[in-house]
Amino acid sequence: MKKFLTITVIILVLLGAAGYAVWHFGTNIASEKIVEQVEANLNDEDKEEVKSYIAKDPKLQEIVNEAATTNPDSLPFQTKEEATRLLIKKVGINRLLTIQEQAQNGSISIDEVVSEMEGTLSEDEISALKYVLYKELYNQN
């Protein structure tokens, strides 16, 4: 009986470790694929369109100005890959895809998305997302 219990515990520990490894590496692979897809689909014309949209909205200008003055050393992450990984872990890929679909067809407002993200992410994580967006949009290194 003791041998059976020992083998069962060892198997459960191995399965747990394997599950964690799949989850950890799976989110990394998913975030890399998402970043590659966005980079492939986002061209300079789209960036200019986003910049002009920001220029017309004072609230967005305030966010961009805040991001421009942020000290990157105080942020939990500084790259788009890390940002994507965080969003996949905290929000979930299915929810992100749902938000994207709803945004494209106009059934979710910007305020609803912001409210949901504020409820899911910490203030530091939101500041880091703003910084990464600013850095990518304005080609800051």
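Values in this document were obtained by computation on a predicted structure and should not be read as measured data.

Asks: Which parts of the structure should I look at to understand the packing of helix α4 (residues 80–90) against helix α7 (residues 123–137)?
Replies: Two numbers describe a pair of packed helices, the interaxial angle and the distance between the axes. Where α4 contacts α7, the two axes come as close as 10 Å, and the packing angle between them is 140 degrees. Relative to α7, the element α4 is oriented oblique. Crossing hand, α4 versus α7: left-handed. The residues of α7 that touch α4, namely those facing K80, A83, L86, L87 and K90, are E125, L129, V132 and E136. For the contact of α4 with α7, the class distribution of residues is five nonpolar, no polar and four charged.

Asks: Explanation requested: the side chain of T70 in the structure shown.
Replies: Examined against the element boundaries, T70 turns out to sit in the loop between α3 (58–68) and α4. Of the polar contacts made by the side chain of T70, one reaches the backbone oxygen of E66; its length is 2.8 Å. Sequence-distant contacts of T70, that is, excluding residues within four places in its chain, are made with L75 and Y131.

Asks: Help me out: how do you make sense of the nonpolar core in this one?
Replies: Note that soluble globular proteins tend to have their nonpolar side chains buried in a common cluster. F77, L87, M117, L121 and V132 are the most contacted members of the largest nonpolar core, which has 13 residues in total. Elements with a contribution of two residues or more to this core: α4 and α7. With four residues, α7 is the single largest residue contributor to this core. If you look at the next biggest cluster of nonpolar residues, it comprises five residues, including V64, A67, Y134 and L137.

Asks: Sorry if this is basic, but what is going on with the environment of K90 here?
Replies: Summarising the element assignment, K90 is placed in helix α4. Judged by relative accessible area, K90 falls into the partly exposed class, the value being 38%. Sequence separation of K90 and L121 is 31 residues, and the distance between their C-alpha atoms is 7.4 Å. Beyond its immediate stretch of four places on either side in the chain, K90 contacts T120, L121 and E125. Engagement of the side chain of K90 in a polar contact is seen with the side chain of E125, the distance being 3.0 Å.

The rules behind each value
- Residues numbered from 1 in each chain as written.
- Predicted model: local features only at pLDDT ≥ 70, side-chain atom pairs only at ≥ 80, totals over all residues.
- Heavy atoms only, no water.
- Axes fitted to C-alpha atoms, helices over the stretch in contact; angles between N-to-C directions.
- Helix = DSSP H or I, 4+ residues; strand = E, 2+ residues; numbered from the N terminus.
- Parallel < 35°, antiparallel > 145°, perpendicular 65-115°, else oblique.
- Left-handed = near helix turned anticlockwise from the far one by under 90°.
- Contact = heavy atoms within 4.5 Å.
- Nonpolar A, V, L, I, M, F, W, Y, C, P; charged D, E, K, R; others polar.
- Polar contact = N/O pair within 3.5 Å; in protein donor to acceptor, adjacent residues only side chain to side chain.
- Core = buried A, V, L, I, M, F, W, Y, C linked by side-chain atoms within 4.5 Å.
- Buried < 20%, exposed > 50% of the residue type's maximum accessible area, 1.4 Å probe, protein only.

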